[in-house]
Amino acid sequence: MTAKTKKKKTRDLTHPITYKRENGKFDVEWYLKHDKKDWVLPKVLRDQAKKLGKKPFLQFGYNKPISFYQTNQLANKVANGLLNMGVKKGDKVAVYMPNSDDYVITWFGILKMGAVMVPINTGYKMDFLQYIIDSSDSTVLFIAEEYLERMPPIAKRITQLKNVIVWTRDGNEKFNKHGFNFKKMTSYTKFITPQKSTEPGVDITFVDHARIMYTSGTTGRSKGVVRPCAADYSSARNYAEIMDVGPKDVCFTCLPLFHSNAMVMTVYPALIMGAKVVVEEKYSASKFWKWMVDHGVTKFNIVGTISYFMWNTPPVPEEKQHKVKLVLGSPAPHDIIEGFMERFNIRFMEGYGLTEIGQCTWMRPGEPFRVGSCGKEAPGYEIKIGDPETDEEVPRGEVGEIIVRPRTPNVMLYYYNKMPEKTVEDFRNFWFHTGDAGRMDKEGYIYFVDRVKDYLRCKGENISSFEVEKIVGSHPDVEESGAIGVRADSGRYAEDELMIVVVPKKGKTIDPVKLIKFLEPKMPYFMIPRFIRFEKSLPKTGTLRVQKNKLRDQGLTKDTWDMKKAGYKLKR
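Definitions and cut-offs
- Residues numbered from 1 in each chain as written.
- Predicted model: local features only at pLDDT ≥ 70, side-chain atom pairs only at ≥ 80, totals over all residues.
- Heavy atoms only, no water.
- Helix = DSSP H or I, 4+ residues; strand = E, 2+ residues; numbered from the N terminus.
- Contact = heavy atoms within 4.5 Å.
- Axes fitted to C-alpha atoms, helices over the stretch in contact; angles between N-to-C directions.
- Parallel < 35°, antiparallel > 145°, perpendicular 65-115°, else oblique.
- Left-handed = near helix turned anticlockwise from the far one by under 90°.
- Nonpolar A, V, L, I, M, F, W, Y, C, P; charged D, E, K, R; others polar.
- Buried < 20%, exposed > 50% of the residue type's maximum accessible area, 1.4 Å probe, protein only.
- Pairing = 2+ DSSP bridges.
- Expected span 1.5 Å × (residues − 1).
- Core = buried A, V, L, I, M, F, W, Y, C linked by side-chain atoms within 4.5 Å.
- Salt bridge = Lys/Arg side-chain N within 4 Å of Asp/Glu carboxyl O.
- pLDDT = per-residue confidence, 0-100.

Topologically, I143 is positioned in strand β7 (residues 138-144). Through-space distance from the C-alpha of I143 to that of I120 is 9.6 Å; in sequence the pair is 23 residues apart. If we ignore the near neighbours within four places in the chain, the residues touching I143 are Y96, M97, L148, M151, V164, I165, V166 and W167.

Two quantities define a packed helix pair, namely the angle between the axes and the distance from one axis to the other. Put simply, helix α10 (residues 304-311) and helix α11 (residues 337-344) touch, their axes get as near as 11 Å, and they point 60° apart. Relative to α11, the element α10 lies oblique. In this structure, the crossing between α10 and α11 has a hand that is left-handed. From α10, S307, M310 and W311 reach across to α11, where they touch G339, F340, R343 and F344. Broken down by class, the residue content of the contact of α10 with α11 amounts to four nonpolar, two polar and one charged.

With respect to burial, strand β23 (residues 432-440) is a largely interior element, nine of its nine residues being buried. The sheet contact formed by strand β21 (residues 398-406) and β23 spans four bridges and is antiparallel. Across the sheet, V404 pairs through a bridge with F432, a residue of β23.

Taking 1.5 Å per residue as the helical rise, helix α7 (residues 229-242) with its 14 residues ought to reach 20 Å, and the 20 Å between its terminal C-alpha atoms agrees with that figure. Among the 14 residues of α7, 14 are classified as buried, and the element is accordingly described as predominantly covered. Positive backbone phi, at 55°, marks D244, one or two positions downstream of α7.

Below, the discussion takes up the nonpolar core. By size, the foremost hydrophobic cluster in this structure holds 176 residues, and its most contacted members are F142 and F300. A total of nine residues in this core trace back to one element, the largest contributor, which is helix α8 (residues 260-273). Setting aside residues no more than four positions away along its own chain, F300 makes contact with Y239, M243, F252, F288, W289, M292, M310, V324, L326, V327 and L328. I484, M499, V503 and L551 belong to the second-largest nonpolar core, a separate cluster that totals eight residues.

Following the criterion strictly, the structure yields 32 salt bridges and no others. Of the charged contacts, one joins D137 and K418 as a salt bridge, the two residues approaching to 3.0 Å between their closest N and O atoms. Of this pair, D137 sits in the loop between α5 (126-135) and β7 while K418 sits in the loop between β22 (415-416) and α12 (420-426), and the two are 281 residues apart along the sequence. A relative accessible area of 36% places D137 in the partly exposed class.

Taken as a whole, the protein chain shows an average pLDDT of 92; of its residues, 94% reach a score of 70 or greater. Every residue in residues 1-6 is under pLDDT 50, and counting partners more than four places away or in other chains gives 15 contacts.

Taken in spatial order, the four strands line up as β27-β28-β29-β30 in an open sheet, and their pairing is mixed. The open sheet has two edge strands with one neighbour each: β27 (478-486) and β30 (561-562). One ladder, built from eight bridges, connects β27 with strand β28 (residues 497-504); its direction is antiparallel. When the sheet's bridge partners are listed, V478 is paired in β28 with P504. Packing of helix α13 (residues 465-472) onto the sheet brings it into contact with β27 and β28, and relative to β27 it is tilted by some 145°. Strands β28, β29 (531-534) and β30 of the sheet are contacted by helix α14 (residues 512-519), whose axis makes an angle of about 125° with β29.

Structural data, given as structure tokens:
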């Protein structure tokens, strides 16, 4: 695994040094000076409601903003409603809704009464949806009306579910059940309206569980990452410290609230620092800079793909008229970064992280932005580049696996839900193994090189090749398949596009369009491959494992079918 890399001349940008901080100096050891008893979202919300009262906090789209006080009151109503349903501290409550202000309030309310939130990707359906609800032991499900049609096929397999609360976009108490005739089902409005807005009175500590976040598996099903309250606070506070978030800022996200980026790197930092947060449902290339101007946004985050969408969108006047001061890119578009900053009149920060451990690297304020790097150790983390076979640290500049451990307890996952063997495997030798290859230079800057584990990053999602291959393999004419990531027509630092290399059964011919139509009802849209290539066999190792590296080396061939070029549009 370890390999020497050619030394490249480092290119540093000076803007983190010249960026004028407004909310104090950056302290890499801030976490040593704060009492962890305060690292609890319900306490932060209650204290900010008392302190800031009518100050606007949460705004969805162009709706009227909700104050800190109102947010706390509404969260209390959700909490008390769940308690009245018989939900107890530690019970699991799933949320399967699109971005909205109600989503944030539901999240806050679940935590205020001590339950554990289970966010569900809104692209999930069929076995994926059933698996999350079932494996998490969720007893309550908050679900948007538009997703109810996905429930009948799995209804008999989610027997532990006791209550379903249906959210409608217009707040209507009536909704279309779409054939899901669950006995204890009520509307969100009916659920929340009669509840008391008083504090629920449940004692919650920083070591209590806050969320179970499901992330892509590599050789098996998705893993439920159990995160304590302190881990979410640490992630949010690190972001606030690095990005200099203060009470005058307006933070923004159009990323999905079922992911940690939007939750603990936008909404929660704003709550902690007394800032305002604006949430839109999803990214829009045509509206983005108008949103920035109209909402007065000062800080926002983007993932790799979005930066190239923005770059390739025709210029609009608003991209120069906004108040945005600092942007987090994960990753930043290194190949166009200087042109990007000049065109959009912004400054970049960058970091690297995983659902399990949070954002464990950042470009540090007051130090140069090293182009190509994802920064240095984040506050509270220790990182080394280890030999994947031995975990011994490799020399600086050489490639190995990025492995991480905390410098302070309770800032990473506790374990994978119901996967003790996987937990032990990933925490081998008391270091968390990211499965990502990287290197570290002499000054401590870390560079992401490649994925070691067999998963992919596409459309902002981690995708398990195992799960893709399993469903493709259920087609009656497929003998076997291999899922890989390939670079198509995006920027150098954009995410991969998904390709499936298929071996048809002897004597069978498979039409790519018919294969896509077979996959659509069975899997989320972002897991459906853009590219399909057919082969007589797959390259194998001596132990009959598919050699994915050889498939990736072959890449896009002349006979590869491309969904985009074929004009096929996926239904979401």
